[in-house]
Each structure stands twice: as structure tokens, then as C-alpha cells.
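# Architecture and fold: a report
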Amino acid sequence: MGNQVVVFVGTFILFVTGLLLGYVLSQLVLGFLPFNLLTFLGTLSLILIFGTLYYVLFWQFRRQDSSFFAQEIPNWVDDSTGGSQNRMKNRLVSLLSGDTAAADRLIEQAKQNYPGMPEDWYWERAIADLERDRR
């Protein structure tokens, strides 16, 4: 939800900045606005704001896409190789947007609620609970 707010607000500001930049540049080209230090600095600041927001928004989109694809990776690794726990840990951390402390808290909570289960079971349980809660 927070990422959507960032994208919406950033897009709105980018749109308004683009309109202002287009207006100022058109007035400069048509000769209705004199070219002096004030118009130069104003135009430069609009270009910098526009470029920065453009970069931040596309960085945010790229980050959302990479976390989406990280969630969609199938479980191709054989569980007997010992890599399943590491894979499940990576999956849980990616579902939590990189928050390893939260992943550890979820595992500890599952261990307290269901003592005596295999280690892999706790990771599967935490992932399943998190996915269920997000629906």
C-alpha cells in the first residue's frame, strides 16, 4: 500500500512539473518570457525536479517488478540437497521486502506456537501464514 502511495504522489508531482516545464519553455521560445537569471534558474530547477522524480519513479517500478518476480520463482531445487531451508528463508525475506528481523520473529513465533516440528516446517508455515494474511 505504501509503494502505491509513493507511485501515485510521485506521478502527480511529475505530471505537474512536466506541465510547468513545458509552459515555461514554450513561453521562452515564443518570446513572451524574457531570458534572464531568474528564468534560467527556474527552468533548471524544474528540469532537475522532473529528472529526479522520473528516476525515483522508475526505480520504484523496477523494485516492485523484481520483488514480484522473486515471489513467482518455482521450487525447482530438490529438498534433499539441503538448500530448501535457504530457499524458503529467501522467499520469506522477499515477501517481507527484505526485513530479515521480521522473518526471524515470525520463525520464533511459529516455534513457540508449534514446538517440536522440523526446521523446514517452520519456514513453510511462516510463508503460508504470510501469504494467507495478504489475501
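Conventions we followed
The numbering scheme is per chain: residues are counted from 1 as the chain's sequence reads. For a predicted model such as this one, the threshold for reporting local features is a pLDDT of at least 70, and the threshold for listing and counting side-chain atom pairs is 80 or more; totals across whole chains, interfaces and linings nevertheless cover every residue. The basis for every side-chain value is the complete set of non-hydrogen atoms in the structure, without hydrogens or water. Definition used for salt bridges: Asp or Glu carboxyl oxygen within 4 Å of a side-chain nitrogen of Lys or Arg. Runs of E in the DSSP output that reach at least two residues are strands. Runs of H or I that reach at least four are helices, and both are numbered from the N terminus. Burial classes: relative accessible area under 20% of the type maximum marks a residue as buried, over 50% as exposed, and values in between as partly exposed (1.4 Å probe, protein chains only). Patch members must show over 30% relative accessible area and no salt bridge, and they are joined within 9 Å when carrying like charges or within 5 Å when they are nonpolar side chains of Val, Leu, Ile, Met, Phe, Trp or Tyr. In these tables, accessible area is a Shrake-Rupley quantity obtained with a 1.4 Å probe, and a residue counts as shielded only by the protein chains included in the view.

Going by what an unreviewed UniProt entry lists, the protein chain is known as ABC transporter permease and is assigned to Hassallia byssoidea VB512170.

### Quick notes on the pattern of salt bridges
In total, this model carries five salt bridges according to the counting rule given. The salt bridge partner of Asp129 is Arg125, with a shortest N-O separation of 3.3 Å. One end of the pair is Asp129 and the other is Arg125, both in helix α5 (residues 119–134) and four residues apart, which spans about a single turn. Residue Asp133 pairs with Arg132 through a salt bridge whose shortest N-O separation is 3.2 Å. Of the residues examined, Asp133 reaches a relative accessible area of 55% and is grouped as exposed. We classify Arg132 as partly exposed; its relative accessible area is 46%. Salt bridges sharing partners connect three or more residues here, namely Arg125, Asp129, Arg132 and Asp133.

### A closer look at a nonpolar patch on the surface
Taken together, the side chains of Val5, Phe8, Val9, Phe12, Ile13, Phe15, Val16, Leu19, Leu20 and Ile49 present a nonpolar region at the surface, about 940 Å² in accessible area. If you tally residues by element for the nonpolar patch, the top one is helix α1 (residues 2–30), at nine residues. Following the sequence through the fold, Phe15 ends up in helix α1. A relative accessible area of 53% means that Phe15 is categorised as exposed.

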